[in-house]
Amino acid sequence: MKDPRLVIKQALITEKGTVLREVRNQYLFEVARDANRIDIKRAIETIFSVKVRKVQTMQLPGKLKRQGRFAGRRSDWKKAIITLMPDQKIELFEQI
C-alpha cells in the first residue's frame, strides 16, 4: 500500500468545489499521477477517517505559459472528485 500522504498532494479550494461540496457532498483533491482509484479511496479514508462512496479521476494537461519570448509548460496533473457517504463530512473543508 502506498503512503497516503504521497497519494493526496493537496485539497483544491475552488468555487466549483464549494458548490459540489454543498450540493452533492463531493470534495476535490490533487493526487499523484500514478495513483489509481483504490489508492485514492484508501488514502482519503485513512487521512480523514471518513467513508468514501465513489472516486472519479481525471488527467489534466499542464498549461502553456509564456514569460516574454520564452515559452514553457506547467506539469500535467491528476484531479480526483471524492463522493462521501451521506452522513460524512471532511472537517478541513468546513472551516472555509
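Structure's up top.
Owing to the predicted nature of the structure, the values given are computational and were not obtained by experimental measurement. (Residues numbered from 1 in each chain as written. Predicted model: local features only at pLDDT ≥ 70, side-chain atom pairs only at ≥ 80, totals over all residues. Heavy atoms only, no water.)

## Here's the deal with helix α2 (residues 15-24)
Residues of α2 that are buried include every one of G17, L20 and R21, and no others. For α2, the arc enclosing every buried residue in end-on projection is 100°, short of the 170-degree limit, so these residues lie on one face. Across from the buried face of α2, at angles greater than 90 degrees, the exposed residues are E15, K16, E22 and V23. Among the structural elements, β2 (26-31) and α4 (91-94) are those in contact with the buried residues of α2. You can read the cap of α2 off the contacts: a side-chain oxygen lies 3.0 Å from the backbone nitrogen of G17, and it is on T14. Trailing α2 by a residue or two, N25 shows a phi angle of about 60°, which is positive. (Buried < 20%, exposed > 50% of the residue type's maximum accessible area, 1.4 Å probe, protein only. Helix = DSSP H or I, 4+ residues; strand = E, 2+ residues; numbered from the N terminus. Arc of directions from axis to C-beta. Contact = heavy atoms within 4.5 Å. Polar contact = N/O pair within 3.5 Å; in protein donor to acceptor, adjacent residues only side chain to side chain.)

## Considering the side chain of E30
Structurally, E30 can be placed in strand β2. Among buried Asp, Glu, Lys and Arg side chains, E30 stands out as unpaired, with K9 the closest opposite charge at 4.4 Å. A polar atom in the side chain of E30 sits 2.7 Å from the side chain of Q10. For E30, the residues in contact, after removing those within four places along its chain, are V7, I8, K9, Q10, L12, W77 and K78. (Lys, Arg positive; Asp, Glu negative; His and termini not counted. Salt bridge = Lys/Arg side-chain N within 4 Å of Asp/Glu carboxyl O.)

## Some thoughts on the nonpolar core
I8, F29, I40, I44, I82, L84 and I90 are the most contacted members of the largest nonpolar core, which has 18 residues in total. Looking at this core, the elements that each hand over two or more residues are β2, α3 (37-48), β3 (52-60) and β6 (77-84). Every residue in contact with I8, bar those within four places of it in the chain, is listed here: F29, E30, V31, I40, A43, I44 and I47. (Core = buried A, V, L, I, M, F, W, Y, C linked by side-chain atoms within 4.5 Å.)

## With respect to the packing of aromatic side chains
The final tally for this structure, using the stated rule, is 1 aromatic pair. Measuring from centroid to centroid gives 5.8 Å for F29 and F48, while their planes differ by 40°, and the two rings are tilted. Taken together, the residues F29 in strand β2 and F48 in helix α3 connect sequence positions 19 residues apart. According to the relative accessible area criterion, F48 is partly exposed, its value standing at 24%. (Phe/Tyr/Trp six-rings, centres within 6.5 Å; stacked < 30°, edge-to-face > 60°.)

## Re the side chain of D39
Mapped onto the secondary structure, D39 falls in helix α3. Excluding residues that lie within four positions of it along the chain, D39 makes contacts with K2 and V7.

## With respect to α3
Its 12 residues place the ends of α3 16 Å apart at the C-alpha level, agreeing with the 16 Å of an ideal helix rising 1.5 Å per residue. The complete set of buried residues in α3 reads D39, I40, A43 and I44. Buried residues of α3, seen end-on, are gathered within an arc of 125° and therefore sit on one face of the element. Packing partners of the buried residues in α3 comprise α1 (4-7), β1 (8-11), β2, β3 and β6. (Expected span 1.5 Å × (residues − 1).)

## Overview of the sheet that holds β6
Strand-to-strand pairing in sheets goes through backbone hydrogen bonds, with the strands running parallel or antiparallel. In space, the 4 strands of this open sheet follow the order β1-β2-β6-β3, with antiparallel pairing throughout. Every other strand in the sheet has two partners, leaving β1 and β3 as the edge strands with one partner each. Taking each pair of neighbouring strands and ignoring which way they run, the sheet shows an average axis angle of 30°. Across the sheet, α2 is in contact with β2 and β6; its angle to β2 comes to roughly 140°. On the sheet, α3 packs against β1, β2, β3 and β6 and is oriented at approximately 125° with respect to β3. (Pairing = 2+ DSSP bridges. Axes fitted to C-alpha atoms, helices over the stretch in contact; angles between N-to-C directions.)

Geometry only, nothing functional implied.
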